[in-house]
Amino acid sequence: MLWENDRDDEALTVLEETAPIGDENRAEAFLLRARILAERGSDEARTYFDKAVDCSPGEPWFYMERANFLLDNGDTDQAGRDLDKAAELLKAGKWNPPDDYYSLRTRLESILNTAGK
């Protein structure tokens, strides 16, 4: 009901507070809040990307989401570490990296080449 009535912040708070720690729903709630805050240009978005990763450290997708945010905000070092971790988790799960992974990796390399790193 909250979501349908444009009360997304309230809905996310309820989800975050009621889902058990380590529960994928809780990590998803943190990720959704991070995306909303990032769209709003809030510095607090990083905190919620971190919470999503901390809540579900075995999910490569959360590392990729945070890497994308970090690239947007100039933290290429941590973005590179996140992409390395995502690749490690993908390989361990015997998954082929998705196109998003390669797009992020190419974007990181382009930023680093432009910066002369």
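Placed above this text is the structure.
To keep things clear, this report deals only with the structure shown in the data block.

What counts as what
- Residues numbered from 1 in each chain as written.
- Predicted model: local features only at pLDDT ≥ 70, side-chain atom pairs only at ≥ 80, totals over all residues.
- Heavy atoms only, no water.
- Axes fitted to C-alpha atoms, helices over the stretch in contact; angles between N-to-C directions.
- Helix = DSSP H or I, 4+ residues; strand = E, 2+ residues; numbered from the N terminus.
- Parallel < 35°, antiparallel > 145°, perpendicular 65-115°, else oblique.
- Left-handed = near helix turned anticlockwise from the far one by under 90°.
- Contact = heavy atoms within 4.5 Å.
- Nonpolar A, V, L, I, M, F, W, Y, C, P; charged D, E, K, R; others polar.
- Phe/Tyr/Trp six-rings, centres within 6.5 Å; stacked < 30°, edge-to-face > 60°.
- Buried < 20%, exposed > 50% of the residue type's maximum accessible area, 1.4 Å probe, protein only.
- Lys NZ or Arg CZ within 6 Å of the ring centre and 35° of its normal.
- Salt bridge = Lys/Arg side-chain N within 4 Å of Asp/Glu carboxyl O.

**Considering the packing of helix α3 (residues 45–55) against helix α4 (residues 60–72)**
Consideration 1: Between α3 and α4, the least distance of the axes is 9 Å, while the angle of their chain directions is 160°. Regarding the angle of α3 to α4, the classification is roughly antiparallel. The two elements α3 and α4 meet at a crossing, and its hand is left-handed. In contact with Ala45, Arg46, Phe49, Asp50, Ala52 and Val53 of α3, α4 contributes Phe62, Tyr63, Glu65, Arg66, Phe69 and Leu70.
Consideration 2: Its residues placed into classes, the contact of α3 with α4 shows 8 nonpolar, no polar and 4 charged.

**Section: the packing of aromatic side chains**
Consideration 1: Throughout the structure, instances matching the rule amount to 3 aromatic pairs.
Consideration 2: On the basis of an interplanar angle of 45° and a centroid distance of 6.1 Å, the ring pair of Phe30 and Tyr48 is categorised as tilted. Residue Phe30 is found in helix α2 (residues 24–39), and its partner Tyr48 is found in helix α3; the two are separated by 18 residues along the sequence. Take Phe30 and Tyr48: they sit in the same class, and that class is buried.
Consideration 3: The ring of Tyr48 has Arg33 lying over it, and the distance from NZ or CZ to the ring centre is 5.5 Å.

**Some remarks on the pattern of salt bridges**
It is possible for side chains of opposite charge to pair when their charged atoms get near one another.
Consideration 1: With the rule as written, the count across this model stands at 8 salt bridges.
Consideration 2: Note that Arg46 is salt-bridged to Asp75, the shortest N-O span being 3.5 Å. Here the residue Arg46 occupies a position in helix α3, and Asp75 occupies one in the loop between α4 and α5 (76–92), the gap between them amounting to 29 residues.
Consideration 3: Measuring nitrogen to oxygen at the nearest pair gives 2.2 Å for the salt bridge that ties Arg107 to Asp72. Of this pair, Arg107 sits in helix α6 (residues 99–115) while Asp72 sits in helix α4, and the two are 35 residues apart along the sequence.
Consideration 4: Here the residues in one salt-bridge network are Arg46, Asp50, Arg66, Asp75 and Asp82, joined through shared partners.

**Focus: the environment of Gly93**
Consideration 1: Mapped onto the secondary structure, Gly93 falls in the loop between α5 and α6.
Consideration 2: Take Gly93: its relative accessible area is 33%, and that puts it in the partly exposed class.
Consideration 3: In this structure the C-alpha to C-alpha distance between Gly93 and Gly58, which are 35 residues apart in sequence, comes to 9.7 Å.

**Considerations on the packing of α4 against α5**
Working note: a packed helix pair is described by the angle between its axes plus the distance between those axes.
Consideration 1: Where α4 contacts α5, the axes come no closer than 8 Å and their chain directions differ by 160°. Overall, the two elements α4 and α5 adopt an arrangement that is roughly antiparallel. You can see that α4 and α5 cross each other, and the crossing is left-handed. Contacts between α4 and α5 involve Pro60, Trp61, Tyr63, Met64, Arg66, Ala67, Leu70 and Leu71 on the former and, on the latter, Thr76, Gln78, Ala79, Asp82, Leu83, Lys85, Ala86, Leu89 and Leu90.
Consideration 2: Partitioning the contact of α4 with α5 into residue classes produces 12 nonpolar, 2 polar and 3 charged.

Function cannot be inferred from these measures alone, as they are strictly geometric.
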